[in-house]
Amino acid sequence: MRTSKPWYVLGRIGQAVLVLWAAYTVCYIILNLLPADPLALLLQAKGTDIGSLNADQIATLRHTYGLDAGPVQQYLTMLLAALHGDFGTSYTLGQPVLPLIASRVSSTLAISLLALVVAVALAFALAFAAVFTRSRVIRNVLGAIPVIGMSVPSFWVALLLMQVFSFSLGWFPSMGMQGWKSLVLPTVTMAIPTSALLGQLLLSEFDAVLESPQAVVAKAHGLSRTQVILHHVVKNASLPSLTILGLLVGDTFTGAIIAETIFARQGLGMLIQQAVTQQDVPVVQGAVVLAAGAFVLVNLIVDLIYPLLDPRIRI
Amino acid sequence: MTEATTAAPAGAQPALLDVVDLRVSYASRRRTVDAVRDVTFAVAQGERVAIVGESGSGKSTIIRTVLGILPDSATTAGQVLLDGSDLLKADDRQWLDVRRTTIGFIPQDPQTSLDPTLTIGRQLGLIIRLKEHLDGDALQARVEQLLGEAGFDKPALRARQYPHELSGGLKQRALIAESLVGNPRLLVADEPTSALDVTVQKEILDRIDELVRAKGLALLMVTHDLAVAADRADRIVVMRNGEIVEQGTASAIIAHPRQRYTIDLFEAAPAHRLDEASAAGASASAAADTEAEEADDAATDATRNAAVRWHGVTKQFTLRHGQTRTATTADGSGARESRTFTAVDDVTLSAPRGETLAIVGESGSGKSTLLKIALGLEKPEHGYAEVNGVNITKTGGRALREARRTFQLVQQNPFGSLDPTKKISSIVAEPLNAFHEGDRASRRRRVAELIDRVALPANVLDAKPKELSGGQCQRVAIARALAIRPNTLFLDEPVSALDVTVQSQIIDLLIDLQHDLGLSYVFVTHDLSVVSQIAHRVAVIEHGRLVEQGPVGRVLTHPAHDYTKRLLASVPGHHR
């Protein structure tokens, strides 16, 4: 393990590069299949209608933007530029993609991380409450909560939260990015589906481990129920959640799009939403690479942490 | 029952554990099932009591009742007196107290009974801190002391290992160490060796014996093997269907069993079957020996007519990146072996047509790999396997599929090998459908015929596997294997998951079928007593190498190799 670990990490980084390239390429192909003419989109964003230009002007413009080359040539040029950190310029906003994304990422990262912390805390609270309660009724009610959490659509939850906590009670702002209060509602919106999924998994894992031979033997060896749970159940039952947590990173982007659109936050989610509706190809492509990168990175971290918690796994 | 009868051993010390009219029922949604009915027995201080019975006899339920680890669905009646106070009336606090001061527990399956995320030392330390309130260096010293008592060679080193780095036998030793924490007076063991290899079984039972004697503990042990009980207990309680059939001192039960069921259990015990076979083998052995040697010489000729033949087969597995195979013996520092692991090492072996070849070995010996190679499921690095003259190793695709008409497999776990969602009739028809045999009507006739052939009632055809017992499921699996009229059956531990009395029935069925249909069997097993009943030839495998082979009478009565001798000596109650 000790000797092979650097190689393992190197291998994983190699994989990550491959994944990023694949994401970039697939995204490029799909966006090129769209019926829209990129030049038309580009000009439209600058307030010019492509219909008002003559063929010569169009040809000149095409050449300027590098759109006259074949799709493969274009792709290679873009890929080479991307490798140097140049993801092109946004059609609609006229800014280079990379700085644009960089300027938006911090606020999204803040609510995403907060949402993750809240989701994990809620899920564990639910699992502990369910495992410690003596009442069958409470147990069943707690067991139903994750299902409800997963069933309600996020945008509906967001609107409901806004109605109650902004408009009726006036505790938190319904939009904007000023102060910590503006973080609360978007965070809760994003945390609910994640915590529901984690909670569901933790509930069933807690039960399964608690009934497993190792827990029964620990009980027979004189541990109280609480001690069995703290010493044996929590760790063993949490392992599957760690894997799921890594996979949930992909959902975070979706969650951010919904939360930021509804609560009018100028974050990455809103940027993606606008870029997609306006077919702002370079921005979408940059966002996809970022999402893929985040996904790969988080899962690498999860895989590196896993052996620390479960000695049976070696890397 | 009166107190006089419960304190059974005449003039012995007062009972440490006194179970009086115990009744345990499990409530399911629809009905209540009595797992234990009117059970009365006692365990005196320093006495060793064994409860013997088949699965479903309620013996494990008694253990769980005594430990207070019954599931919530269970209700109890009667009395379980420990030092005179009734455990069935104890609250959580009192139960904790009992488990921490008086009773130690050794569970059945060491593989699943330890926390995989903690080292042996940490788990043991946790219990010691709880029960003996030690800390720091004193705690560490106690951990090492207990591991030493449980039979670990290098306690300090072992304490730092995780369960998955230890063999089954060592895990069970770790659990024995855990059971000794707090110096209990009563040790409760639930089939402590049934999940282990025979040679390891003996070591573990010896170790428990030693500890019980040295510390003067009382032992309550559950087992399905009457010979184990006879070897290791002062008194035996025989149970069936939740009730006590008979109980008495071990010598009395063995010498004069009063109930038919006890006699059945005794006859089904491995040692007894082995002795019978040896006796039969010995009488014929003088003649058989010379004959056997000739047969061995003739074996080379016979290979041309062999049903199955392995020729110089070597199979290696490359361990995954970073994966290690821990040495289970010697210094066991978890030392890594080479990156490849040789599962089968240059084995040449043939199974004679119309007879049974038994391949015997412990877990990890490579016997299952040999089987997989003959079935074409694994490709060996060197050598090849031949079934009915077809080179399975070189053949592939359509030709291999065609060759598979002539041989079939019966697996170890009858529940796992049958699709739980299908009816028995469609399970048995599977091979017929796969090989497009006959039309619908003829298939139905064939299935009915097969079910009858394996002595199952016709009404099981519409049942699902879960409605059948383990023995019945194995009969279904045999019927399925016979559906396309193969001439060779591969039997992978076909009876090891079954109760002893059921084992004999399945073995008898297999012998009948072989006789009637002229089948060739390759029978993989770790159980020598089963071998004595069914096999004609025996091949003994250790660490992937063929250490000994020959006619069954010779190998079991005059084993040539040390390993075979050790296997034979490990059978509980053998040559008493």
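Residues numbered from 1 in each chain as written. Chains lettered and ligands numbered in written order. Predicted model: local features only at pLDDT ≥ 70, side-chain atom pairs only at ≥ 80, totals over all residues.

With that settled, consider the overall build of chain A. Scanning chain A from N- to C-terminus turns up 13 helices and zero strands. Going residue by residue from the N terminus, the α and β elements of chain A occur as α-α-α-α-α-α-α-α-α-α-α-α-α. In terms of overall dimensions, chain A has C-alpha extents of about 90 × 60 × 30 Å along its principal axes. Sorting the 315 residues of chain A into buried and exposed places 34% on the buried side. When contacts within chain A are restricted to residue pairs at least 6 apart in sequence, those whose partners lie at least 24 apart make up 71%. (Helix = DSSP H or I, 4+ residues; strand = E, 2+ residues; numbered from the N terminus. Buried ≥ 20, exposed ≤ 12 C-beta atoms within 10 Å, placed from the backbone. Contact = placed C-beta atoms within 7 Å.)

Put simply, side chains in a regular strand alternate between the two faces of the sheet. Residue and element names in this part refer to chain B. Direction of pairing for strand S1 (residues 15–27) relative to strand S4 (residues 74–82): antiparallel, over a ladder of eight bridges. From the neighbouring strand, Val 19 faces S4, where its bridge partner is Val 80. Where S4 and strand S5 (residues 85–86) come together, two bridges link them in antiparallel fashion. Bridging across to S5, Leu 81 finds its partner in Asp 86. (Pairing = 2+ DSSP bridges.)

A few words on the interface of chain A and chain B. Counting residues at the interface gives 23 residues for chain A and 25 residues for chain B. Of all the secondary-structure elements, those providing two or more residues to the side of chain A that touches chain B are helix H9 (213–220) and helix H10 (225–247) of chain A. Here the side of chain A that touches chain B gets six residues from one element, more than from any other, and that element is H9 of chain A. Partitioned by chemical class, the residues of the side of chain A that touches chain B number nine nonpolar, nine polar and five charged. (Nonpolar A, V, L, I, M, F, W, Y, C, P; charged D, E, K, R; others polar.)

Okay, helix H5 (residues 136–149) of chain B next. All names here are of chain B. Compared with the 20 Å implied by 1.5 Å per residue over 14 residues, the 20 Å span of H5 between its first and last C-alpha is a close match. In this structure, the buried residues of H5 make contact with helix H4 (120–132), helix H6 (155–158) and helix H7 (168–180). Where H5 ends, the next residue or the one after it, Gly 151, has phi of about 100°, a positive value. (Expected span 1.5 Å × (residues − 1).)

Residue and element names in this part refer to chain B. Segmenting chain B into domains produces domain 1 (3–102 + 184–265), domain 2 (114–183), domain 3 (272–388 + 487–570) and domain 4 (418–486). On the domain 3 side, the residues contacting the 11 residues of domain 1 number 10 residues. Only helix H8 (198–215) and helix H11 (260–268) provide two or more residues apiece to the side of domain 1 that touches domain 3. If one sorts the elements of the side of domain 1 that touches domain 3 by residue count, H8 sits on top with four residues. Split by residue class, the side of domain 1 that touches domain 3 holds three nonpolar, four polar and four charged. (Domains from an automatic or database assignment.)

Residues and elements named next belong to chain B. Note that strand S11 (residues 306–318) and strand S14 (residues 382–387) share five bridges and pair antiparallel. Residue pairing in the sheet places Thr 314 in a bridge with His 382 of S14. Pairing analysis gives two bridges linking S14 to strand S15 (residues 390–391), with the strands arranged antiparallel. Each bridged residue has a counterpart across the sheet, and for Val 387 the counterpart in S15 is Val 390. Counted between consecutive antiparallel strands, the loop separating S14 from S15 contains two residues, among which Asn 388 sits at a positive phi close to 50°.

Turn by turn, an α-helix covers 3.6 residues, leaving residues three or four places apart pointing in a common direction. All names here are of chain B. Under the 1.5 Å per step criterion, the end-to-end length of helix H19 (residues 500–517) is 26 Å for 18 residues, consistent within 8% with the ideal 26 Å. Those residues of H19 lying buried are Val 500, Val 502, Gln 503, Ile 506 and Leu 510. Along the axis of H19, the buried positions cluster into a sector of 150°, meaning they face one direction only. Turned more than 90 degrees away from the buried face of H19, the exposed residues are His 515 and Asp 516. (Arc of directions from axis to C-beta.)

Attention shifts here to the nonpolar core. Ala 374 and Val 522 of chain B are the most contacted members of the largest nonpolar core, which has 226 residues in total. Setting aside chain neighbours within four positions, we find Ala 374 of chain B in contact with Val 308, Trp 310, Ala 385, Val 387, Ile 392, Phe 490 and Val 522 of chain B. (Core = buried A, V, L, I, M, F, W, Y, C linked by C-beta atoms within 7 Å.)

On to the environment of Leu 100 of chain A. Looking at the secondary structure, you find Leu 100 of chain A in helix H5 (residues 97–132). With residues near it in sequence (within four places) discarded, Leu 100 of chain A still touches Ser 90, Leu 93, Gln 95 and Val 283 of chain A.

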